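Commentary on secondary and tertiary structure
What follows is the residue order along each chain.
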Amino acid sequence: MTHERQTLLDSLPSSFDTGPQWLRSVRKSAAEALRERGLPNKKTEEWRFTPVRPLVDTEFARADAEALKLVSSAREGVTVRSLRQVLEQEPARLEGRLALGESEHFAALNTALFTDGLWIHVAAGVTIEEPLQLTHGFSKTTEPGVSYPRVLVTVEAGSEARLIETYAGEASEQLTNSVVEIELGPNAKLDHIRIHENLGLQVGRVEARQEADSSYRSVVVTLGGALLRFDIRALLQGQGAECRLDGAYVVDGSDHVDHHTLVEHQAPHCRSDQTYRGIASGHGTAVFDGVVLVHRGASKTEAHQENRNLLLSDTATVHTKPHLEIDTDDVICSHGATVGSLDESQLFYLRTRGIPEELARAMLTYAFIEEVVDRVSHKPTRDRLRETVLARIPAGEAIRGVP
Amino acid sequence: MLKIEDLHVEVDGKLILKGIDLEIQAGEVHAIMGPNGSGKSTLAYVLAGREGYEVTKGSVTYKGRDLLEMSPEARAAEGVFLGFQYPVAIPGVSNVYFLKAALNALRKHRGKDPLDAIDFMKLSKEKAALVQLPDELTKRSVNDGFSGGEKKRNEIYQMAMLEPSLAVLDETDSGLDIDALKVIADGLNTLRSPERAMLIITHYQRLLDYIVPDVVHVLIDGQIVRTGDKDLAKRLEAEGYAEVRDAIQP
Ligand SMILES: Nc1ncnc2c1ncn2[C@@H]1O[C@H](COP(=O)(O)OP(=O)(O)OP(=O)(O)O)[C@@H](O)[C@H]1O
Ligand SMILES: [Mg+2]
């Protein structure tokens, strides 16, 4: 299937004629809102530090072909189905679940335009030890292409699962605009590891909707990228739900990565923790914007957020903006952000023990984000990430192979 | 082993060391005492090669070579060790991990094969026992959350692991309780050898009761104003620096 190349906005069809009625109307209103509002521009507050022009002005061809792959095998209690198939056979089961749109930009575009995707369903009361692994890739093409991966993850009451997503791709003009929706039932648990090692253009959105006593743990590792904008949201809707959003990003060369987190405390007795760490060198740019909203009535909330950045060159840039909006009393909240360079006294200490300067720098640099990498609960993935991260940090080569 | 001649050092444009002369032979233990701010740590840092300490005059020769030319890691490789007055915490870098890297870098420099994990752990256990450093602490991040005394034990544990020729120990006894002081002193006495020299910076006679120095120097306002034997330290303890200062400044 070949498509003509169009800008993202121009690629929105004038009418939606396939699929169940409810989906058509969701798509239609997403498209209408987008046409009216347009995609972000320089003046859009949430895109203040990230150049959106390459996304808005480029003419892309649709290139979904092999965008989404499930690499792990089938297992008891887990059903993985194509969204297209479910939409054809049992559309009612998805009604109300694929509705990101209205107030969104790129997520709305995905809602309007995704053609297929996956529904990962974990039945109630099962514990899945082996992680489900998804990869999103681009086969090498010669012209700019866009894909719209769409994933819905449902973990029913009392179940536990692990999901590892990897976004890879070498082609710098390819755009991946993904949406992952996660539904956690009462007392459900999901460990979600997401790795961005795509060199191209990436816009991604994760939204976790959490019922009572559920637990969502996300570790995002971003290894550079020409342009990445990633938004993760956890909506703590049921009493006693908790989430931990952690992230590590490394930028070098002319990489530009932008992470936005949002935690909404909508119910009492919920807890959220966020730790994002970044390393910026070369001419790289990293942006972090984190919001914690504590809604009225969400008493006994505990929310912590921290973003720390290591700036390794004068030509790299870091923007960080953590903030809390609290609309209730009786909460424990903390937040903080730092941007700094390597500590000279630590460096000196290591060198007085005989550690060569390069190695000492690499050790301290890796130590800065190691805490986050260590939270990747799946050992083979953690080991692989350690190697990949070391390959990306200045002088990281020096510590590969050291015990 | 070490020869310091007419050493002048400035920090941030301020002259701190104002002509130090000091010579230490292999096997000797020297003590430096002196009031707060007299320049003891400055001297220790200059010997270890810290940036920002500008030598404006004088020289330091170590094993016949110009020490001041060398990077901190090259000095370590040649056998210089600094026990810090205030050891820095390094979250995320584990003690054993960094020490293994350090030890193997030194071994490489000395033409020895690297130690494998098993031999390293064996050595580590033995040396940790020497200063009664709990095994658990050797595995934690360097000095992270260590108490004052634990940090000092960690310094001597590292010294024991790295087997330096010249150990400069900056107030290793400060912050230690009486029992810990004895443990550290015993550890240091075990490490005393004809091939090894020590320069011990301290405010207290107590440590010197255990590790009897061959030579004692008094550093005041960036200069060594008195040099004597172990009795000089005793006299300082009894009379204070003022007496000693007055005795030499008519
Ligand atoms: N960066 C600096 N700029 C200016 N003066 C400095 C700087 N660092 C150290 N000094 C000064 O150098 C002098 C010597 O300091 P040093 O730490 O060597 O003293 P010390 O003899 O070790 O003292 P103590 O017994 O308290 O440990 C002090 O007056 C100190 O304030
Ligand atoms: Mg001092």
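Refer to the structure printed above.
So, a few notes on the structure that sits alongside this text. If you're wondering where the values come from, they're calculated on a predicted model, not measured in any experiment.

Listed by partner, the interface residues are 21 residues for chain A and 32 residues for chain B. At the boundary of chain A with chain B, total buried surface from both sides reaches about 2200 Å², with 65% on carbon and sulfur atoms. Of all residues in chain A, Phe348(A), Tyr349(A) and Arg353(A) bury the most surface against chain B, accounting for 37% of the area lost on that side. Counting the contacts that link chain A with chain B gives 2 salt bridges.

Now for the pairing of strand β2 (residues 14–24) of chain B. Residues and elements named next belong to chain B. With 8 bridges connecting them, strand β1 (residues 2–11) and β2 associate as antiparallel partners. Along β2, the bridge assignment pairs His-8 with Lys-18. Two successive antiparallel strands, β1 and β2, enclose a turn made up of 2 residues, where Asp-12 displays a positive phi of approximately 50°.

Counted at 1.5 Å a residue, the expected span for helix α6 (residues 357–373) of chain A with its 17 residues is 24 Å, and the 24 Å between its end C-alpha atoms agrees. Burial runs high along α6(A): 13 of the 17 residues are buried.

So, about the packing of helix α5 (residues 344–352) of chain A against α6(A). Residues and elements named next belong to chain A. The contact between α5 and α6 brings their axes to 9 Å, and the two run at 130°. With respect to α6, the axis of α5 lies oblique. Remark: the crossing between α5 and α6 carries right-handed chirality. Contact residues: α5 offers Gln-346, Leu-347, Leu-350 and Arg-351, while α6 offers Glu-357, Ala-360, Arg-361, Met-363 and Leu-364. By residue class, the composition of the contact of α5 with α6 is 5 nonpolar, 1 polar and 3 charged.

Conventions and cut-offs
Residues numbered from 1 in each chain as written. Chains lettered and ligands numbered in written order. Predicted model: local features only at pLDDT ≥ 70, side-chain atom pairs only at ≥ 80, totals over all residues. Heavy atoms only, no water. Contact = heavy atoms within 4.5 Å. Buried area = accessible area lost by both parts, 1.4 Å probe. Salt bridge = Lys/Arg side-chain N within 4 Å of Asp/Glu carboxyl O. Pairing = 2+ DSSP bridges. Helix = DSSP H or I, 4+ residues; strand = E, 2+ residues; numbered from the N terminus. Expected span 1.5 Å × (residues − 1). Buried < 20%, exposed > 50% of the residue type's maximum accessible area, 1.4 Å probe, protein only. Axes fitted to C-alpha atoms, helices over the stretch in contact; angles between N-to-C directions. Parallel < 35°, antiparallel > 145°, perpendicular 65-115°, else oblique. Left-handed = near helix turned anticlockwise from the far one by under 90°. Nonpolar A, V, L, I, M, F, W, Y, C, P; charged D, E, K, R; others polar.

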